[in-house]
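# Geometric and topological summary
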Amino acid sequence: MLTPSSGSGYISEIKVSLNKQDERKLLNGYQKIDVNLNKGAGGEEVYIWYKRSYSSALITRIQLSFKEEMWKGLKEAYYTKVDKNLNQGAEGNTINLWFYKGRSEHDVPIEDISITTSPDEEEKMFELSWERLACNLNRRAGGNNIHLWVKRARPTYICDLAATEGFDKDAEMFNKGYIRVDEDTNRGTRGDYVFIWYRLTTSRDTAIRDMQVSITKEEYEGFRKAGYKLVDQDLNQETTGTPVYLWYRKDQPITNFSLMVKETDLEKYKNVIQLIKKNLNEGNDGCTEYLWYYRKEEPLRSRAITDIAVSFNEEEERDLLLQGFIAVPHSLYNDERGNQVYLWYKIGSEIKKLIEDGYIQEKENLTNVPGKELYMCYRLTTDKENGLRDLKLTKSQEEHDVYKSLNYQAVEVEGGEAGTVLWSSKDKGDEVIRSFVVAKNPEDQKLYEKNKHVLSMGSDAASVYLMKWHGDMSAD
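Position numbers for residues start from 1 in each chain and track the written sequence from start to end. Selection of residues for local features in this predicted model requires a pLDDT of at least 70, selection of side-chain atom pairs for listing and counting requires 80 or more, and totals for whole chains, interfaces and linings are taken over all residues. Processing note: side-chain calculations cover all non-hydrogen atoms of the structure and skip hydrogens and water entirely.

Turning our eyes to something else, we now look at the overall build of the chain. Only DSSP runs of H or I with at least four residues qualify as helices, and only runs of E with at least two residues qualify as strands; both kinds are numbered from the N terminus onward. When helices and strands are tallied, the chain shows 9 helices and 30 strands. For every residue, the accessible area obtained with a 1.4 Å probe (protein chains only) is divided by the maximum for its type, and the residue is called buried under 20%, exposed over 50%, and partly exposed between those limits. Here the chain, with 476 residues, has 50% of them falling under the buried criterion.

By definition here, a salt bridge exists when the distance from a side-chain nitrogen of Lys or Arg to a carboxyl oxygen of Asp or Glu is within 4 Å. One pass over the structure, following the stated rule, counts 19 salt bridges. Residues R224 and E221 are paired through a salt bridge, measuring 2.6 Å at the closest nitrogen-oxygen approach. In this pair, R224 and E221 both sit in helix α5 (residues 217-225), 3 residues apart, roughly one turn of the helix. One network of salt bridges, with partners in common, ties together E23, K32 and D34.

On to the nonpolar core, then. Among soluble globular proteins, nonpolar side chains are generally buried collectively. For our purposes a nonpolar core is just a set of buried Ala, Val, Leu, Ile, Met, Phe, Trp, Tyr and Cys residues, chained together by side-chain atoms within 4.5 Å. In terms of nonpolar packing, the biggest core is built from 40 residues, with I14, I48, I62, L86, L97 and I113 touching the most fellow members. Contact partners of I113, with chain neighbours within four places excluded, come to I14, I33, I48, Y50, I62, W130, W149 and V150. Counting residues in each nonpolar core, the second largest holds 26 residues, with L200, I208, V261 and L280 among its members. Contacts are residue-level and defined by heavy atoms, with any inter-residue pair within 4.5 Å sufficient.

The next thing to look at is the packing of aromatic side chains. Geometry of aromatic contacts follows a simple scheme: Phe, Tyr and Trp rings, the Trp one being its six-membered ring, pair when their centres are within 6.5 Å, and the pair is stacked under 30 degrees between planes, edge-to-face over 60, tilted otherwise. In total, this model carries 13 aromatic pairs according to the counting rule given. Each ring, one from Y79 and one from F174, has its centre 5.0 Å from the other, and the planes form 55 degrees; the classification is tilted. In this pair, Y79 sits in the loop between α2 (71-76) and β5 (80-82) while F174 sits in helix α4 (residues 170-175), placing the two residues 95 residues apart along the sequence. Each member of the pair, Y79 together with F174, is buried. Ring-pair connections join several aromatic residues into one group, and the members of that group are Y220, F223, Y228, Y245 and W247. As a reminder, the over-ring test applies to NZ of lysine and CZ of arginine, requiring each to be within 6 Å of the ring centre and within 35 degrees of the ring normal. If you follow K32 out to its NZ or CZ, it ends over the ring of Y47, 4.0 Å from the centre. The ring of F66 carries the charged tip of R139 above its face, separated from the ring centre by 3.7 Å.

DSSP calls a pair of strands paired once it identifies at least 2 bridges connecting them. Taken in spatial order, the 3 strands make up an open sheet running β4-β6-β5, and their pairing is antiparallel. Looking at the sheet topology across the chains shown, the edges are occupied by β4 (61-65) and β5. Across the sheet, the mean angle from the axis of one strand to that of its neighbour is 30 degrees, orientation sign disregarded. Pairing geometry for β4 and strand β6 (residues 96-100), over 5 bridges, is antiparallel. Directly across from I62, in β6, lies its bridge partner F99. Lines fitted to the C-alpha atoms define the axes, with helices restricted to the stretch that makes contact. Angles between their N-to-C directions range from 0 to 180 degrees.

What follows concerns unusual backbone geometry. Phi is positive for Y78, which is not a glycine, with a value near 65 degrees. One non-glycine residue with positive phi stands out, namely R140, at about 60 degrees. Secondary-structure assignment places R140 in the loop between β8 (131-132) and β9 (147-152).

So, on to the side chain of T185. Looking at the element boundaries, T185 is found in the loop between β11 (179-180) and β12 (194-201). The definition of a polar contact used here is a pair of N or O atoms within 3.5 Å, where within protein one atom must be able to donate a hydrogen and the other to accept one, and adjacent residues in sequence count solely through side-chain atom pairs. At 2.8 Å, the side chain of T185 and the backbone oxygen of L235 are in polar contact. Leave out the neighbours within four places in its chain, and T185 touches V194, I196, L235, L259, L280, N281 and E289.

As summarised here, the arrangement of the 3 strands in space is β10-β12-β11, forming an open sheet in which the pairing is antiparallel. Looking along the sheet, the strands with just one partner apiece sit at the ends: β10 (157-165) and β11. Bridge analysis of β11 against β12 gives 2 bridges, and the strand direction is antiparallel. Note on β12: the bridge partner recorded for R180 is W197.

Mean pLDDT over the chain stands at 77; residues scoring 70 or higher make up 71%. Taken together, the stretch residues 414-418 has pLDDT below 50 and engages in 13 contacts with residues farther than four places along the chain or on a different chain. pLDDT is a residue-level measure of predictor confidence that goes from 0 to 100.

Another aspect to go through is the environment of G166. By the element assignment, G166 lies in the loop between β10 and α4. Look at G166 and you get buried, because its relative accessible area is 13%. Excluding anything up to four places from it in sequence, G166 contacts Y193 and F195.

Those residues of helix α3 (residues 119-127) lying buried are E122, M125 and F126. Summarising the axial view, the buried residues of α3 lie within an arc of 95 degrees, below the 170-degree limit, and thus occupy one face. Along α3, exposed side chains directed more than 90 degrees from the buried face belong to D120 and K124. Two residues or fewer past α3, S129 is found with a positive phi of approximately 70 degrees. The arc refers to the directions leading from the helix axis to the C-beta atoms.

Right under this line is the structure:
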């Protein structure tokens, strides 16, 4: 089971206090985020409280509403409303917090929440993989720019983008697993309310890897020809401004994105986030708004279904969710007690995917790291000119640099010791590799050395010996 960084459970309930009486009621069982949400704006002292749990259904999505029209879709999608105004007593918008406890492939439990009141606090949050909710909790109240942040139980990436005009499609989008960016891209204009939406994934292979915004016909055509996918909704709809469109494609996965109003000090973020410096309100007199995204430079990994499970009650659903399982949306049936029964599956790095691609798995585990498995997988060819001629395993930066300088090809090793890299070459060495074996005891090692296998690499757990071609291939 996953263990939260806090060590005391995952977020299962959220409350808001408006006065000391509210606070006294929440002291038993809830934790307070000690940041006044009306900081700098006057009004009541408003605080967010949360409860952690291992035994309850867990919160996977949080939304903020600043107009009553935003409520309908949230209610129809069974979000829970925290029935307190986060701007209580101030002159700004009525801000309500809503949360949802989901189990779809796009729902990942929230293990922590936090609040920032200045750009100086936010830089580190991005680097630590926190997600920033777009809506300023002091919206139209003046005072500090206050933002709510969430941290999830596992790394997530953006896999789908969409945009809608108005509020009619809200329930449909929430039910499909989308999260709304709770800020109007037409803010400050007389145009329609337009919102951007996104879905999360734990699979890097399906993640969106680049985002762009077009504000001219030339840019529109340029992104289309470059293979970007269009989010077919004008972000400037029904204004006097230029048509503005969002585009994306799937290179290095995006982990976090949102919308930023110009009043924010953008210079604070220039070394942390990727700012798309195209005003979403281009050509009208509305607020200057920019999209930004954040991504970590990480290598791609193969993904496939690794496990299947069935849940018969809410407690089992919670445990499977924490272990990274995803529920098939519709229940299989209701048991005699009225509990819904769900089928679950887990996605992860998997040898089966390599086998489907024609690889052969060597049977011996290359590592003795507790709980880890590391296997050599390879493909065969009858083309001698295309065969590998050398394999090496390195564990230090000094060794990495040597084989990199010799133009060896690197493969990151998953499951073994940290920093381990496997290198291969098709042009170093006199002969191509005919086969290789993994030896885990001294008797096997002596046998392979006697039969003229060449020691290629070794670890504390095992050694790899190569047999190379000698003479004409046809002789064998």
